[in-house]
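Structural characterization, general
Listed below, chain by chain, are the residues.
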Amino acid sequence: MMDSIVSLPFVWAFLILFVIVMLRSNGTYWAGRGLAAGGRKTKLQKHLDSPAAQRAEKIIARWGAPAVSVSFLTIGIQTAVNMSAGLGRMPLRRYIPATVVGSIAWACIYATIGLAAFDAAIAAAAGSPLAIVLLVLAVGAVILGVHLFRVSRTRKLDKSALEDCPVMGMEISDPTTAKA
């Protein structure tokens, strides 16, 4: 079926692929929303309304849109990301633009170079020792960046907690005048 779509003129192939991926991604999103709503009517409600789940929903609402858009450039996690956006009840005002951007990218890739060219690029990279080293360095840089971000965030939180603390935040200039 893909071959017959890609053999069409670019505009028609792009439009057909765009509609297909929009239907698929939105269907997955709404399945996730339905599961989240159904879970709130069961014993899972206490877990879905827990502080941790509420924090996760806030993170998905705020930062999930870029993940949704980028997921269209991957193979294998696109459905999981769209389902997570639905389960996390990402607001439609963020989800729809993100899925439109991702769908446009996906339709362009598949209407032009297709999966065969993508597979060839991956195979070429896998056969090159330099590409493997660069991939390992890139993954290491991302892991290091995430770690440094978390450490800096933790330090900021620790510092603000100390400032708010009536005991730890007070300045003691003369130990003999300090109140116990």
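This section reports on the structure supplied with the text. For every chain, the first residue of the written sequence is number 1, and numbering continues from 1 along that sequence. Where totals are concerned, whole chains, interfaces and linings use all residues; where local detail is concerned, this predicted model gives features only for residues with pLDDT of at least 70, and gives and counts side-chain atom pairs only at 80 or more. Heavy atoms from the whole structure form the basis of all side-chain values; hydrogens and water molecules are not counted.

This paragraph deals with the overall build of the chain. Helix numbering and strand numbering both begin at the N terminus, where a helix is a DSSP run of H or I of at least 4 residues and a strand a DSSP run of E of at least 2. A tally of helices and strands in the chain yields eight helices and zero strands. Shown N-terminal to C-terminal, the secondary structure of the chain runs as helices and strands in the order α-α-α-α-α-α-α-α. Evaluated residue by residue, the chain yields a buried proportion of 22% over its 180 residues. Here, residues are in contact when the closest pair of their heavy atoms is within 4.5 Å. A sequence separation of at least 24 residues applies to 71% of the contacts in the chain between residues at least 6 apart. Areas reported as accessible are Shrake-Rupley estimates using a 1.4 Å probe. Residue values count occlusion only from the protein chains shown. Carbon together with sulfur atoms contributes 71% to the accessible area of the chain, which is approximately 12,600 Å² in total. Using a 1.4 Å probe on the protein chains alone, a residue whose accessible area is under 20% of its type maximum counts as buried, one over 50% counts as exposed, and one in between counts as partly exposed.

Looking at where Ala-85 falls in the secondary structure, it is placed in helix α5 (residues 78-87). We classify Ala-85 as buried; its relative accessible area is 2%. Ala-85 sits 28 residues away from Glu-57 along the chain, and the two C-alpha atoms are 8.8 Å apart.

Let's shift gears to the packing of helix α4 (residues 51-71) against α5. Two elements in contact, α4 and α5, have axes separated by 10 Å at closest approach and are oriented at 155 degrees. As far as their axial angle goes, α5 and α4 are roughly antiparallel. Viewed along their axes, α4 and α5 form a crossing whose handedness is left-handed. Where α4 approaches α5, its residues Glu-57, Ile-60, Ala-67, Val-68 and Ser-71 are matched on the opposing element by Gln-78, Val-81, Asn-82, Ser-84, Ala-85 and Leu-87. When residues are sorted by character, Ala, Val, Leu, Ile, Met, Phe, Trp, Tyr, Cys and Pro go into the nonpolar class, Asp, Glu, Lys and Arg into the charged class, and all the rest, Gly among them, into the polar class. Split by residue class, the contact of α4 with α5 holds six nonpolar, four polar and one charged. Every axis corresponds to a line fitted to the C-alpha atoms, with the helix fit spanning only the stretch in contact, and the corresponding angles, defined between N-to-C directions, vary from 0 to 180 degrees. Roughly parallel here means an angle under 35 degrees, roughly antiparallel means over 145, roughly perpendicular means 65 to 115, and every remaining angle is called oblique. Put simply, a crossing is left-handed when the front helix is turned counterclockwise from the back one by less than a right angle, and right-handed when it is turned clockwise.

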